[in-house]
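Each chain, written out:
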Amino acid sequence: MTQGILPPLPPLEPLKRISPSQFPIFRKCKLRAIWSSCHAQALLPLPPSARLGIIIHKILEKAGKGDITGEDSFNSLWLSCVQEEENDMSGSWMEKHLVPLEKSAHNFEVKKQQCILLVRNLMSAFSHQSGKADSSKRASHEVWLQTPDGKVGGYVDAIISTDAGDVIIDFKTGSIAESEEQASFDPEVRYDYRIQAKLYAALYNSMYGKWPASIELVGLDGVPRTIPFYQEECPCLLDEARQLLNDINFVITNKAKNYESALSNLASPNPGVCQFCLYRPCCPSYWEKRGTEPERDWPHDAKGKLKEIKKLRNGFMLIKLISDPQNSNIITVRGLHPDRHPALNKTLDEVLVFSMIPGKVTNNYGEGKLTTIYAGAD
Ligand code: SF4
């Protein structure tokens, strides 16, 4: 991908399977989930909090395998995982300004300390070789579960065998409650996480012919939250996932000649879903829908014809773009770091700006940590 130039649309390939972690995304927008499953190149930066989540997940995985034996091994693993993510970020024109994560990721140190505590709990709860832990509990980590046809499957973080039966454990590094506000007074687990957990239970049943004793989500606070499930509802979710896979592959295979129509068939543009999607820049349905329903609470993105570009005396850049065919809607974006936006060094006609920070005056925006600019492809 040429830096700052909108690349061609990613291809649509038939899918082999749906995983429980992707299933809630497939339900919200098939197109986003397909591109993400096929590892299509993300066109917007991954938020630093998500990078931190990846790091913590890797550490918990290592801890589960017994690769962390104390503080020193935790610290060296933490450093190497952070380095790995930062190397990846440094290689990306969209993310290099977010290095180091220690500065860009909210609550970096707090989350590191929470991770240390969680690892300590894991180490003391499940001894791998020493046999010091409760001998009635045995844990297996990163366990693969799938349906016999392989159409639904994924890794579960851990399965603990207890006298009462197997307990499925799923670690979550983000907020477990539906919203930050809710977390303080009503710790109900996010709907997506509950659906994912029930799908794990269904996969477990389809592999072993029995049900897990319970499913627990463990957040960074280390508190296990049991997800209640009815045995009848889990196979329905499994059927739904299988059906989704069949429907998607039908659309991709049968409409391969009409790529545009397949895209619009698979996309479900909605402000709450699109705001987390890293494929917004290239999604025709997203732009179409926000054009026909402008009153909705869409992400702070804009596209249009470049009207003005100038470098200010403070070194920052300002651009103005015309976002409507009547030439009446002019959007101003200030405070742009020239080093962050290679598109501004090119001859621009159409320009697309994502994740802006709204100013106090209508149609005036500033640059945020995740603001990204593309020049439209010729
Ligand atoms: S931008 Fe919205 S509609 Fe398009 S793929 Fe992403 S989530 Fe789906």
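Caption draft 1: Focus on the site of the ligand. By nearness alone, every residue bordering the ligand is listed as Cys-29, Leu-31, Arg-32, Ala-267, Ser-268, Pro-269, Val-273, Cys-274, Cys-277, Arg-280, Cys-283 and Tyr-286. Of all the secondary-structure elements, those providing two or more residues to the shell around the ligand are α2 (30-37) and α11 (271-274). When its residues are assigned to classes, the shell around the ligand shows nine nonpolar, one polar and two charged.

Caption draft 2: Focus on the packing of helix α8 (residues 191-208) against helix α9 (residues 233-254). Contact geometry for α8 and α9: axes closest at 8 Å, N-to-C directions at 95 degrees. Comparing the axis directions of α8 and α9 gives the class roughly perpendicular. Contacts between α8 and α9 pair Ile-195, Lys-198, Leu-199, Ala-201, Ala-202, Leu-203 and Ser-206 from the former with Glu-233, Cys-234, Pro-235, Leu-237 and Leu-238 from the latter. Of the residues in the contact of α8 with α9, the class split is nine nonpolar, one polar and two charged.

Caption draft 3: Molecular detail of the packing of aromatic side chains. Per the counting criterion, the structure on display carries 11 aromatic pairs. Aromatic pair Trp-144 and Tyr-155: ring centres 4.9 Å apart, planes at 65 degrees, arrangement edge-to-face. A residue pair is termed long-range when its members are at least 10 positions apart, and Trp-144 in strand β1 (residues 138-146) and Tyr-155 in strand β2 (residues 153-162) qualify at 11 residues. What makes Trp-144 partly exposed here is its relative accessible area of 29%. Judged by centre distance (6.3 Å) and plane angle (80 degrees), the ring pair of Phe-354 and Tyr-374 falls under edge-to-face. Taken together, the residues span a long stretch of sequence, with Phe-354 in strand β9 (residues 350-354) and Tyr-374 in strand β12 (residues 372-375) at a distance of 20 residues. As far as the burial class goes, Phe-354 and Tyr-374 line up, both buried. Through a chain of ring-to-ring contacts, the aromatic side chains of Trp-93, Tyr-286, Trp-287, Trp-298, Phe-354 and Tyr-374 assemble into a single cluster. A cation over an aromatic ring shows up here: Lys-172 above the ring of Tyr-193, its NZ or CZ 4.4 Å from the ring centre. Above the face of the Tyr-193 ring, Arg-190 is positioned so that its terminal group lies 4.4 Å from the ring centre.

Caption draft 4: Looking closely at the pairing of β12. Side chains of β12 alternate between two faces, with Thr-372 and Tyr-374 and Ile-373 and Ala-375 buried alike. In the sheet, β9 pairs with β12 via four bridges, with the strands oriented antiparallel. Within β12, the residue paired with Leu-352 across the bridge is Tyr-374.

Caption draft 5: Here's a closer look at the sheet that holds strand β4 (residues 214-218). One open sheet accounts for five strands, arranged β1-β2-β3-β4-β5; its pairing is mixed. Looking along the sheet, the strands with just one partner apiece sit at the ends: β1 and β5 (224-226). Geometrically, the sheet is characterised by an average inter-axis angle of 35 degrees between neighbouring strands, direction not taken into account. Sheet topology places β1 next to β2; eight bridges connect them, and they run antiparallel. When the bridges of β2 are listed, Ser-140 appears paired with Ile-159.

Caption draft 6: Seen up close, the packing of α9 against helix α10 (residues 259-266). It is the contact of α9 with α10, at a shortest axis distance of 9 Å, that shows an interaxial angle of 160 degrees. On the basis of their axis angle, the class for α9 and α10 is roughly antiparallel. Crossing of α9 against α10: the hand is right-handed. Taking contact as the criterion, the partners of Ile-248, Val-251 and Ile-252 in α9 are, on α10, Ala-262, Asn-265 and Leu-266. Of the residues contributing to the contact of α9 with α10, the split by class is five nonpolar, one polar and no charged.

Caption draft 7: View of the environment of Asn-246. Secondary-structure assignment places Asn-246 in helix α9. Between the alpha carbons of Asn-246 and Leu-6 there is a distance of 31 Å; along the sequence they are 240 residues apart.

Caption draft 8: Local environment of the sheet that holds strand β11 (residues 364-366). Overall, mixed pairing links the seven strands, which are arranged β10-β11-β8-β7-β6-β9-β12 in an open sheet. Whereas interior strands pair on both sides, the edge strands pair on one side only; in this sheet they are β10 (357-358) and β12. Note: β10 against β11, two bridges, orientation antiparallel. The residue of β11 that forms the bridge with Pro-358 is Tyr-365.

Caption draft 9: Examining the environment of Cys-282 more closely. Position of Cys-282 relative to the elements: it lies in the loop between α11 and α12 (284-292). For Cys-282, a relative accessible area of 8% puts it in the buried group. In the structure, Cys-282 is positioned 239 residues away from Leu-43 in sequence and 8.0 Å away in space, judged by C-alpha atoms.

Caption draft 10: Structural view of unusual backbone geometry. Residue Val-99 is joined to Pro-100 through a cis peptide bond whose omega torsion reads 5 degrees. Within the fold, Pro-100 resides in the loop between α4 (71-90) and α5 (101-104). Residues other than glycine seldom take positive phi values, yet Asn-107 does so here, at roughly 60 degrees. With respect to the helices, strands and loops of the structure, Asn-107 is situated in the loop between α5 and α6 (108-125). Given a relative accessible area of 37%, Asn-107 falls into the partly exposed group. For Ser-355, which is not glycine, the phi dihedral falls at a positive 55 degrees. As for its position among the elements, Ser-355 is in the loop between β9 and β10. Of the residues examined, Ser-355 reaches a relative accessible area of 23% and is grouped as partly exposed.

About the thresholds
Residues numbered from 1 in each chain as written. Predicted model: local features only at pLDDT ≥ 70, side-chain atom pairs only at ≥ 80, totals over all residues. Heavy atoms only, no water. Near = heavy atom within 4 Å. Helix = DSSP H or I, 4+ residues; strand = E, 2+ residues; numbered from the N terminus. Nonpolar A, V, L, I, M, F, W, Y, C, P; charged D, E, K, R; others polar. Axes fitted to C-alpha atoms, helices over the stretch in contact; angles between N-to-C directions. Parallel < 35°, antiparallel > 145°, perpendicular 65-115°, else oblique. Contact = heavy atoms within 4.5 Å. Phe/Tyr/Trp six-rings, centres within 6.5 Å; stacked < 30°, edge-to-face > 60°. Buried < 20%, exposed > 50% of the residue type's maximum accessible area, 1.4 Å probe, protein only. Lys NZ or Arg CZ within 6 Å of the ring centre and 35° of its normal. Pairing = 2+ DSSP bridges. Left-handed = near helix turned anticlockwise from the far one by under 90°.

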